[in-house]
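So you can see what is in the structure, the chains are spelled out below.
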Amino acid sequence: MASGSAALQNSVVNLAAIKEAARSELLDLLDGIRGKKALVLDQTLSGPLGLVCEVQHLREAGIEKIYHLLPEPLEIETRNIIYLVRPSVPLMKMIANQIHLISETRQEKSFHVVFVPRRTMLCERVLTEEGVFGSVTIHEFHLDIIPMDEDVLSLEMDGCFKEYTVDGDPTSLVYVARALWKLQSMFGVIPHIKAKGNGAKAVVDLLLRLKREWQSSMDTSIIPEIDTLVVVDRQVDLITPMCTQFTYEGMLDECFGIHNTYLDVEPEILGLSSGKKVKLALNSNDRLFSQIRDLHVSVLGPLLHAKANSIQEIYAMKDKL
């Protein structure tokens, strides 16, 4: 987990409220588990979690140590062990194996499995078949839509396209619909909704069904802050993701890979001594980056040259004072 997420103060709608709601939900969940705790993280959740909750907040909630969920056995002295994971069958088997190994040591432990964003019957069945369902307490942490920057929201579900198109599993569409419903519950019902593609239409149909089921409990006095929602199925345009990006941010992603708004680069690139990779935050907190991130690389050189000259002139004026 890393800190340095976007401040979000200039977002068109109050995206900071989404971040705060997610952090409060997680901390309330952790506070409900008494005593000192160890957090075992699904590696795919480490980045998204860092965008809504910093390590300091977890420490204040009683988390003493944070581990990544790996196949090897865990050696944890803390009584409460909390697994924060996506609902995945391989992860359930990994958790079950670790619980069995810890139980063999006769240590008194309390196991908690927190599903993100929701529990599934399949995962619960796997825990039952592995013989550990009765040994764990099940929770849910509804971390779905995550503010990445002032104008970007993401569910950070890398496998949803494959799950839907190849595996025929529509679960991810339900997650998308629920995330959009959360958005409407906070910023008002979106009056104009359009869909392009079969998957997009299925999401909109689910969204309308949620509206019918929960409309009576919604605050209808909220004036909609979002006028139009356009849902596009990736299947209607499979070519674009294969094209080379030529904006500055796009080229960084092509060359180094941007993950959860962070870039991992070798220290030598930054003129530092050799060592482990340096993690750089790429978001609107950096004024220069926010100005050049969407520019084509062909105009980037002259612009940066002009910026450098401007900075040199400022320093020259300062020296004359």
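Preceding this section is the structure that the text describes.
About the cut-offs
Residues numbered from 1 in each chain as written. Predicted model: local features only at pLDDT ≥ 70, side-chain atom pairs only at ≥ 80, totals over all residues. Heavy atoms only, no water. Helix = DSSP H or I, 4+ residues; strand = E, 2+ residues; numbered from the N terminus. Buried < 20%, exposed > 50% of the residue type's maximum accessible area, 1.4 Å probe, protein only. Contact = heavy atoms within 4.5 Å. Areas by Shrake-Rupley, 256 points an atom, 1.4 Å probe, with all protein chains shown as cover. Lys, Arg positive; Asp, Glu negative; His and termini not counted. Charge placed at Lys NZ, Arg CZ, Asp CG, Glu CD. Axes fitted to C-alpha atoms, helices over the stretch in contact; angles between N-to-C directions. Parallel < 35°, antiparallel > 145°, perpendicular 65-115°, else oblique. Left-handed = near helix turned anticlockwise from the far one by under 90°. Nonpolar A, V, L, I, M, F, W, Y, C, P; charged D, E, K, R; others polar. Salt bridge = Lys/Arg side-chain N within 4 Å of Asp/Glu carboxyl O. Expected span 1.5 Å × (residues − 1). Arc of directions from axis to C-beta.

1. Structural notes on the overall build of the protein chain
1) Next: Counting its regular elements, the protein chain contains 11 helices and 12 strands.
2) Next: C-alpha atoms of the protein chain, sized along the principal axes, occupy 75 × 50 × 40 Å.
3) Next: By the burial criterion, 38% of the 321 residues in the protein chain qualify as buried.
4) Next: Taking as baseline every contact in the protein chain between residues at least 6 positions apart, the subset at least 24 positions apart corresponds to 72%.
5) Next: Approximately 18600 Å² of the protein chain is accessible, and the part contributed by carbon and sulfur atoms is 54%.
6) Next: On the protein chain, the mean spot of the 33 positive side-chain charges and the mean spot of the 43 negative ones are 3 Å from each other.

2. A few points about the environment of Lys182
1) Next: Tracing the backbone shows Lys182 in helix 7 (residues 171-187).
2) Next: Along the sequence, Lys182 and Asn309 sit 127 residues apart, while their C-alpha atoms lie 47 Å from each other.
3) Next: Residues in contact with Lys182, not counting those within four places in the same chain, are His142, Asp144 and Ile145.

3. Examining the packing of helix 7 against helix 8 (residues 198-214)
1) Next: Contact pair helix 7 / helix 8: the axes reach a minimum separation of 9 Å and the direction vectors enclose 50°. Judged by the inter-axis angle, helix 7 sits oblique to helix 8. Both helix 7 and helix 8 take part in a crossing whose hand is right-handed. Where helix 7 approaches helix 8, its residues Leu173, Val174, Val176, Ala177, Arg178, Leu180, Trp181 and Gln184 are matched on the opposing element by Gly199, Ala202, Val203, Leu206, Leu207, Leu210, Lys211 and Trp214.
2) Next: Considered class by class, the residues forming the contact of helix 7 with helix 8 number 12 nonpolar, two polar and two charged.

4. Some remarks on the pattern of salt bridges
1) Next: Following the criterion strictly, the structure yields 13 salt bridges and no others.
2) Next: With a closest N to O distance of 2.2 Å, Arg23 and Glu20 form a salt bridge. Remark: Glu20 and Arg23 occur in helix 1 (residues 15-31); sequence separation between them is three residues, near one turn of the helix.
3) Next: Classification of Arg23 by relative accessible area gives buried; the value is 16%.
4) Next: Across the salt bridge formed by Arg209 and Glu213, the nearest N and O atoms sit 3.8 Å from each other. Of this pair, Arg209 and Glu213 are both found in helix 8, four residues apart, which corresponds to roughly one turn of the helix.
5) Next: Sharing partners across several salt bridges, the network here consists of Asp149, Glu249 and Arg293.

5. With respect to the packing of helix 4 (residues 89-104) against helix 5 (residues 121-129)
1) Next: Look at helix 4 against helix 5: their axes get within 9 Å of each other, and the N-to-C directions meet at 30°. As summarised for this structure, helix 4 and helix 5 are arranged roughly parallel, according to the angle between their axes. Note on packing geometry: the crossing formed by helix 4 with helix 5 is right-handed. Facing helix 4, whose interface residues are Val89, Met92 and Lys93, helix 5 presents Leu122, Cys123, Val126 and Leu127.
2) Next: Counted by class, the contact of helix 4 with helix 5 contains six nonpolar, no polar and one charged residues.

6. Digging into unusual backbone geometry
1) Next: Residues Val116 and Pro117 are joined by a peptide bond in cis, for which omega reads 0°.
2) Next: Position of Pro117 relative to the elements: it lies in the loop between strand 4 (110-115) and helix 5.
3) Next: Positive phi, normally seen in glycine, also occurs at Glu156, with a value near 50°.
4) Next: As for its position among the elements, Glu156 is in the loop between strand 7 (152-154) and helix 6 (160-165).

7. A look at helix 1
1) Next: The end-to-end C-alpha distance of helix 1, which contains 17 residues, comes to 25 Å, matching closely the 24 Å that a straight helix rising 1.5 Å per residue would cover.
2) Next: Buried residues of helix 1: Leu15, Ile18, Lys19, Ala22, Arg23, Leu26, Leu27, Leu29 and Leu30, and no others. Here the buried residues of helix 1 occupy an arc of 160° about the axis, which is enough to place them on one side.

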